[in-house]
Amino acid sequence: MSSWWRRIRRGVRLIRRQADWERFAGEDWPDRVMQVPLTDREYQKQGRSIGRKVFTEGRDKLSVYLKRHYRLPWLQGVLATLMPGRAWSPGLQEWQRLCWAKEHGFPVPRPVAAGQFVGPWGKLQGFLAVEELHGMLPLHEAVPRAARTLDARSFARWKCGLTAELARLARELHLRKVFHKDLYFCHFYIPEALTRTVPSDWTNRAVMIDLHRLSRHPVTAVWWQVKDVAQLLFSSDVEGVTARDRVRFWKLYRRNWPGGKCPGEWLRPLVKWKWNLYRRHNEKKPSAVPYDRQRSAA
């Protein structure tokens, strides 16, 4: 049989993993990863699931969030059969985006393993394992906690540092014409301990998660730029965040763009328009804010 015919009849696997993954998951893990029971925090929807899996090896432990896609479109399966060296499953695509983000200095969780299982006959499944963020909270929980824990002056300084870091991360992404597309408060995690103190340096202390939609769009950059900023501002409607904080974010976001590429003030009404769309949609459907179900990340 030709290799092409073998792929159709028997299928093929494309696997990525860190050096420590096999020690915890076992040598035969590719045969079990799509069926292995999760430890807790499991959520299932429309042919996919996510939950926490804790592996132990002696006194050592590895805790990951395991995303699995059991039924992917048949056309993607056919393309994966024809071009098996490319990432066609969401898990493997997100692995590549996490690796890109790490290489470019963005704080993201450590991807531990990912893969896609192609065939037979056009079937496609995939998974991604991302290391749990121990002792960390999403911003929509962390900011209100800091507001209740710190005194007013300390909390004001705390917010200034965090706002500057969020503006820096958004600016560094957008400078590269790369967009998160889910840039909500719930997709940034900070150490829980930081809700009780004012850090001297916020650089890389806010970790971005859920990069499954991260993409580069040099031609339609303005549309995605508006969407990212509007999502972040919309989801900032939590205890402790004021209009002054949002104005500060906008000013900091527009700073330090090289070569005079600073977004013009004409962008602000577009962001406000999109922000109001999110608000009106949320009034009709309060669950529109995708506050993440996981309560930890790397």
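The sections below set out a description of the structure shown in this document. (Residues numbered from 1 in each chain as written. Predicted model: local features only at pLDDT ≥ 70, side-chain atom pairs only at ≥ 80, totals over all residues. Heavy atoms only, no water.)

### Concerning empty space enclosed by the protein
Any space left empty among the atoms is revealed by the rolling of a water-sized probe across them. This is how it is decided: Cavities and pockets were defined on a 1 Å grid built over protein atoms only: a cavity is a set of grid points that admits a 1.4 Å probe from which the probe cannot escape, a pocket is an open set flanked by protein on both sides within 12 Å along at least five of seven lines, and lining residues are those with an atom within 4 Å of any such point. Grid points are joined across faces, edges and corners, and a volume is the space filled by probe spheres set on the points. Starting at the N terminus, helices and strands are each numbered in turn, a helix being any DSSP run of H or I of at least four residues and a strand any DSSP run of E of at least two. Amino acids are sorted into nonpolar (Ala, Val, Leu, Ile, Met, Phe, Trp, Tyr, Cys and Pro), charged (Asp, Glu, Lys and Arg) and polar (every other residue, Gly among them).
By the definition in use, this model includes three cavities of 30 Å³ or more. As a volume, the largest cavity reaches approximately 160 Å³. Elements with a contribution of two residues or more to the lining of the largest cavity: α7 (152-175), α8 (221-235) and α9 (243-253). If you tally residues by element for the lining of the largest cavity, the top one is α7, at five residues. Residues belonging to the lining of the largest cavity are distributed by class as follows: nine nonpolar, two polar and three charged.

### A word on the layout of surface pockets
By volume, the second largest pocket amounts to about 300 Å³. Forming the walls of the second largest pocket are Leu233, Ala243, Arg246, Val247, Phe249, Trp250, Lys251, Arg268, Val271, Lys272 and Trp275. Counting residues per element, the ones that place at least two in the lining of the second largest pocket are α9 and α10 (267-284). Of the residues forming the lining of the second largest pocket, the biggest block, six residues, is contributed by α9.

### Let's talk about the nonpolar core
Here is the rule we go by: To form a nonpolar core, buried Ala, Val, Leu, Ile, Met, Phe, Trp, Tyr and Cys residues must be joined to one another through side-chain atoms within 4.5 Å. Throughout this description, buried means an accessible area under 20% of the type-specific maximum (1.4 Å probe, protein chains only), exposed means over 50%, and partly exposed covers the range between. Contact between two residues is taken to exist if any of their heavy atoms lie within 4.5 Å; hydrogens are not considered.
Residues Val143, Trp158, Phe188 and Phe249 are the most contacted members of the largest nonpolar core, which totals 55 residues. Of all the elements in the fold, those that place two or more residues in this core are α5 (90-103), β6 (124-131), α6 (139-149), α7, β9 (188-191), α8, α9 and α10. The leading source of residues in this core is α7, at eight residues. The contact partners of Val143, leaving out residues within four places of it in the chain, are Phe155, Trp158, Leu162, Phe185, Val238, Glu239 and Val241. Of all hydrophobic cores here, the second largest spans 18 residues; its members include Trp21, Leu62, Val112 and Ala113.

### Here's the deal with the sheet that holds strand β7 (residues 136-138)
Two orientations exist for strands paired in a sheet by backbone hydrogen bonds: parallel and antiparallel. Note the following rule: By the convention used here, strands pair only if DSSP detects at least 2 bridges between them. Axis angles are defined between N-to-C directions and span 0 to 180 degrees, where every axis is a line fitted to C-alpha atoms and, for a helix, only to the segment in contact.
Sheet architecture is open: three strands sit in the order β7-β9-β10, paired in antiparallel fashion. A strand with exactly one partner marks an edge of an open sheet, and here the two such strands are β7 and β10 (207-208). Of the pairings in the sheet, the one linking β9 to β10 comprises two bridges and is antiparallel in character. By the bridge assignment for β10, Phe188 is matched with Met208. Contacting β7 and β9, α6 crosses the sheet at an angle of about 100° to β7.

### Details of the sheet that holds strand β1 (residues 12-17)
With respect to topology, six strands assemble into an open sheet ordered β1-β5-β6-β4-β3-β2, the strand pairing being antiparallel. The sheet is open, and its two edges are formed by β1 and β2 (40-45), each paired on a single side. Neighbour to neighbour, the strand axes of the sheet diverge by 20° on average, direction disregarded. The pairing of strand β4 (residues 60-69) with β6 spans six bridges and is antiparallel. The residue bridging Val64 from the neighbouring strand is Glu131, located in β6. Lying over the sheet, helix α4 (residues 74-82) contacts β5 (111-118) and β6, oriented at roughly 95° with respect to β5.

### Topic: the pattern of salt bridges
Inclusion rule: Whenever Lys or Arg places a side-chain nitrogen within 4 Å of a carboxyl oxygen from Asp or Glu, that contact is recorded as a salt bridge.
As enumerated under the stated definition, the model contains 21 salt bridges in all. Salt-bridge contacts for Arg23 lead to Asp60; the nearest nitrogen and oxygen are separated by 3.3 Å. A residue pair is termed long-range when its members are at least 10 positions apart, and Arg23 in helix α2 (residues 21-25) and Asp60 in strand β4 qualify at 37 residues. We classify Arg23 as partly exposed; its relative accessible area is 43%.

### Quick look at the packing of α8 against α10
Put simply, the test is: An angle below 35 degrees is read as roughly parallel, one above 145 as roughly antiparallel, one from 65 to 115 as roughly perpendicular, and any other as oblique. It is the rotation of the near helix from the far one that decides the hand of a crossing: anticlockwise by less than a right angle makes it left-handed, clockwise makes it right-handed.
One can describe the packing of α8 onto α10 by two numbers: an axis separation of 8 Å at closest approach and a directional angle of 55°. Classified by the angle their axes make, α8 and α10 are oblique. Every pair of crossing elements has a handedness; the one defined by α8 and α10 is right-handed. Between α8 and α10, the contacting residues are Val222, Trp223, Gln225, Val226, Lys227, Val229, Ala230, Gln231, Leu233 and Phe234 on the first element and Leu267, Leu270, Val271, Trp273, Lys274, Trp275, Tyr278, Arg279 and Asn282 on the second. Per-class residue counts for the contact of α8 with α10 are 13 nonpolar, three polar and three charged.

### Things to note about the packing of aromatic side chains
The condition is simple: Working definition: rings of Phe, Tyr and Trp (its six-membered ring) pair if their centres are within 6.5 Å, and the pair is stacked with planes under 30 degrees apart, edge-to-face with planes over 60 apart, and tilted otherwise.
For the coordinates displayed, the defined rule picks out 13 aromatic pairs. Plain terms: the ring middles of Trp158 and Trp202 are 5.4 Å apart, the flat faces sit at 80° to each other, and that makes the pair edge-to-face. Separated by 44 residues along the polypeptide, Trp158 in helix α7 and Trp202 in the loop between β9 and β10 bring together distant segments of the chain. Like Trp158, the residue Trp202 is buried in the burial classification. Ring pairing ties together the aromatic residues Trp21, Trp29, Phe55, Phe117 and Phe127, which thus form one cluster.

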